[in-house]
Amino acid sequence: MSIRVVTDSTADLPLQLADQLGIDVVPLWVTWAGQQYRDRLDLSPGELYARLPTCRELPRTSQPALGDFLAVYERLLAEGHHIISIHISSKLSGTMECARQARDLLRTKAIAVVDSLAGSLGCGFQAIEAARAVLRGASVAEVLMRVERVRASMQVLFCLDTLAYLERGGRIGKLPAMLGGLLNVKPLLMVKDGAIAALGRARGTRAGLEELLRHARELWPQSGAVTAGIIHGGAAELAQVLQRRLCEVFGLSDILIAETGPAIGTHTGPGAVGLAFYSSPGEVTP
């Protein structure tokens, strides 16, 4: 059987890249002002970040419907594919559970559902590595082992402009008390063991970017080639600043820049900038 990779829209993959690699993306749902939108398809990142600052009521996000997964899985199975389905951390969304339910309903061993234990490009990079391994002719076992190694070294760090969106969305628990509410203080967060954790804080955005780099130095893999990507919420200029600094500090030349879609951006808000990086697993043999 041939292999196809599936992920969800929280992976924040540029749609053109997903198409090039043959990755099927199942969109989450966004409900806003009584209207339902498919993440990135009916509501773009640009539309979200233009409307968020002045909206009275935040959008609500929800996992894909069971039927959304069934439609994708049934089509790929009918085409004769084995499916490797990689999704946002089960600690951040119910998307993983929905994917598992769809697999179980289909009663097939041809679907492997993988918890990325990450979000945004932390999940997206795992899908990218899986798809590239498929294109090189890797087996299902080889692809899954590659994803496991990528996941083991994955780091996802964020500098937010404000905690207000995460707080209003009820996603951060005790983090406001940990990070404080001082004027112009930018909270730094990371994804740790699949959940959001406090990393620190900085006074001002540029200082926040430098703090991200400082933490990145501490977490940077000590061996092997490193792949990195930048994620931003309507903050392309800040993303370019961070890209230049990454090149200066770590000598990287090929850095993917992606914009967080509505499903993630609803909670991180405009002005957020993030960094995802991992150590290349090299050739993987089970």
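Presented here is a report on the structure given in the accompanying data block. Values in this document were obtained by computation on a predicted structure and should not be read as measured data.

Thoughts on the packing of helix α9 (residues 205–219) against helix α10 (residues 236–250)
Packing of α9 against α10 leaves a shortest axis separation of 11 Å and a crossing angle of 35°. Seen from above, α9 lies across α10 with right-handed handedness. Mapping the contact onto sequence places Thr 205, Arg 206, Leu 209, Glu 210, Leu 212, Leu 213, Ala 216 and Arg 217 in α9 and Leu 238, Val 241, Leu 242, Arg 245, Leu 246, Val 249 and Phe 250 in α10. By residue class, the composition of the contact of α9 with α10 is ten nonpolar, one polar and four charged.

Quick notes on the packing of helix α3 (residues 66–78) against helix α4 (residues 95–106)
Across the interface, α3 lies against α4 with an axial gap of 9 Å and an inter-helix angle of 50°. Between α3 and α4, the interaxial angle falls into the category oblique. Between α3 and α4 the crossing geometry is right-handed. Side by side, α3 and α4 meet where Leu 66, Phe 69, Leu 70, Tyr 73, Glu 74 and Leu 77 of the first sit next to Thr 95, Cys 98, Ala 99, Gln 101, Ala 102, Arg 103, Leu 105 and Leu 106 of the second. Broken down by class, the residue content of the contact of α3 with α4 amounts to ten nonpolar, two polar and two charged.

Observations regarding the pattern of salt bridges
Applying the stated criterion to the full structure yields 13 salt bridges. Notably, a salt bridge pairs Arg 38 with Asp 42, separated by 2.9 Å at the nearest N-O pair. With relative accessibility at 34%, the residue Arg 38 sits in the partly exposed group. Residue class for Asp 42 comes out partly exposed when judged on its relative accessible area of 33%. Between Glu 218 and Arg 214 there is a salt bridge, with the nearest N and O atoms lying 3.0 Å from each other. One end of the pair is Glu 218 and the other is Arg 214, both in helix α9 and four residues apart, which spans about a single turn. Sharing partners across several salt bridges, the network here consists of Arg 4, Asp 24, Arg 75 and Glu 79.

A few points about the side chain of His 215
Within the secondary structure, His 215 sits in helix α9. In this structure His 215 touches Leu 157, Leu 188 and Leu 199, once residues within four positions along its chain are discounted.

Remarks on the sheet that holds strand β11 (residues 226–232)
A sheet is described by the order of its strands in space; here six strands give the open sequence β10-β9-β8-β13-β11-β12, paired in mixed fashion. Edge strands, defined here as strands with exactly one partner in the open sheet, are β10 (195–203) and β12 (256–259). For this sheet, the mean angle separating the axes of adjacent strands, direction not counted, is 20°. Of the strand pairs in this sheet, β11 and β12 are connected by four bridges, and their pairing is parallel. Bridge pairing links Gly 229 to Leu 256 in β12. Strands in contact with helix α5 (residues 121–135) are β8 (155–159), β11, β12 and β13 (273–279); relative to β11, the strand with the most contacts, it is inclined by about 135°.

Overview of the pairing of strand β6 (residues 81–87)
When you tally the buried positions in β6, you get seven out of seven residues, the bulk of the element. Going residue by residue along β6, you find His 81, Ile 83, Ser 85 and His 87 tucked away on one face and His 82, Ile 84 and Ile 86 tucked away on the opposite face as well. In this structure, strand β1 (residues 2–8) lies alongside β6, joined through five bridges in parallel fashion. What sits directly across from Ser 2, in β6, is His 81. In this structure, β6 lies alongside strand β7 (residues 111–115), joined through five bridges in parallel fashion.

Topic: the sheet that holds β7
Pairing in this open sheet of four strands is parallel, and the strands run β2-β1-β6-β7 from one edge to the other. The open sheet is flanked by β2 (23–26) and β7, the only strands paired with a single partner. On average, each strand axis in the sheet is inclined to that of its neighbour by 25°, with strand direction left out of account. As judged from the four bridges shared by β1 and β2, these two strands associate in the parallel manner. Pairing of Val 6 across the sheet is with Asp 24, part of β2.

As for α5
The end-to-end C-alpha distance of α5, which contains 15 residues, comes to 20 Å, matching closely the 21 Å that a straight helix rising 1.5 Å per residue would cover. With twelve of 15 residues buried, α5 is to be regarded as a mostly interior element. Among all positions of α5, only Leu 121, Gly 122, Cys 123, Gly 124, Phe 125, Gln 126, Ala 127, Ile 128, Glu 129, Ala 130, Ala 131 and Ala 133 are buried. Gly 137 sits one or two positions beyond α5 and adopts a positive phi of about 90°.

What counts, and where the lines are drawn
- Residues numbered from 1 in each chain as written.
- Predicted model: local features only at pLDDT ≥ 70, side-chain atom pairs only at ≥ 80, totals over all residues.
- Heavy atoms only, no water.
- Axes fitted to C-alpha atoms, helices over the stretch in contact; angles between N-to-C directions.
- Helix = DSSP H or I, 4+ residues; strand = E, 2+ residues; numbered from the N terminus.
- Left-handed = near helix turned anticlockwise from the far one by under 90°.
- Contact = heavy atoms within 4.5 Å.
- Nonpolar A, V, L, I, M, F, W, Y, C, P; charged D, E, K, R; others polar.
- Parallel < 35°, antiparallel > 145°, perpendicular 65-115°, else oblique.
- Salt bridge = Lys/Arg side-chain N within 4 Å of Asp/Glu carboxyl O.
- Buried < 20%, exposed > 50% of the residue type's maximum accessible area, 1.4 Å probe, protein only.
- Pairing = 2+ DSSP bridges.
- Expected span 1.5 Å × (residues − 1).

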